[in-house]
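Close look at the chain arrangement
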Amino acid sequence: MFKVEKTVTVNAPVEKVFGFLEDKTHLPEIWPSMIEVRDEEVLPNGGKRFHWTYKMAGMRFEGDTEEIEFERNRRIVGESKKVVENKVTWTFEPHEQVTDVRFEAAYNVPVPLVGKVAESVLARMNEGEAELVLDNLKTRLES
């Protein structure tokens, strides 16, 4: 199980930041390896279920995420259970017109797909990817 945690401060109110991330079709705009998000549907808890296509280490993966926790302007937790099992948590901490955004991801990459040696390389790649996601979010919402 790989884990990555990163935080960024975005100079925008929490409603704007949360609203941007609430619309899953925005994810490919900020997440370099996220190729596509489609078939977004609203769940009874307010969260979303959606299909995604992701590219990691030259390999293409597809899956579905269901947001198991959804607290407006506070927290979103999405979980995928097939192919690449993962749990992504977005936490939002408002401070007047500024928002601290915490991104946490925990995921299992099936070792037969990538090989044991590639595990540490993937961990470093995904650490860098998490930083890019938050940097892109900040740039997108502050411009």
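So, a few notes on the structure that sits alongside this text. Everything numeric here is computed off the predicted structure, so don't read it as measured data.

**What to know about the packing of aromatic side chains**
Tallied over the full model, the rule gives six aromatic pairs. An angle of 90 degrees between the planes, with centres 6.2 Å apart, marks the rings of Trp31 and Tyr54 as edge-to-face. Of this pair, Trp31 sits in the loop between helix H2 (27–30) and strand S2 (34–42) while Tyr54 is found in strand S3 (residues 48–56), placing the two residues 23 residues apart along the sequence. As far as the burial class goes, Trp31 and Tyr54 line up, both buried. Consider the rings of Trp31 and Phe103, whose centres lie 5.5 Å apart with planes at 80 degrees: the pair is edge-to-face. In this pair, Trp31 sits in the loop between H2 and S2 while Phe103 sits in strand S7 (residues 98–108), placing the two residues 72 residues apart along the sequence. Taking relative accessible area as the criterion, Trp31 reaches 11% and is therefore assigned buried. Residue classification places Phe103 among the buried residues on the basis of a relative accessible area of 2%.

**With respect to the environment of Asn73**
Mapped onto the secondary structure, Asn73 falls in the loop between strand S4 (59–71) and strand S5 (75–80). Sequence separation between Asn73 and Phe92 is 19 residues; the distance between their C-alpha atoms is 6.3 Å. Excluding residues that lie within four positions of it along the chain, Asn73 makes contacts with Val14, Glu15, Phe18 and Phe92.

**Structural notes on the pattern of salt bridges**
Tallied over the entire structure, the rule returns 15 salt bridges. Between Glu22 and Arg72 there is a salt bridge, with its nearest N and O atoms 2.8 Å apart. Of this pair, Glu22 sits in helix H1 (residues 14–22) while Arg72 sits in the loop between S4 and S5, placing them 50 residues apart in sequence. On the basis of relative accessible area, Glu22 is assigned to the buried category, the value being 16%. Between Arg140 and Glu29 there is a salt bridge, with its nearest N and O atoms 2.7 Å apart.

Rules and cut-offs
Residues numbered from 1 in each chain as written. Predicted model: local features only at pLDDT ≥ 70, side-chain atom pairs only at ≥ 80, totals over all residues. Heavy atoms only, no water. Phe/Tyr/Trp six-rings, centres within 6.5 Å; stacked < 30°, edge-to-face > 60°. Helix = DSSP H or I, 4+ residues; strand = E, 2+ residues; numbered from the N terminus. Buried < 20%, exposed > 50% of the residue type's maximum accessible area, 1.4 Å probe, protein only. Contact = heavy atoms within 4.5 Å. Salt bridge = Lys/Arg side-chain N within 4 Å of Asp/Glu carboxyl O.

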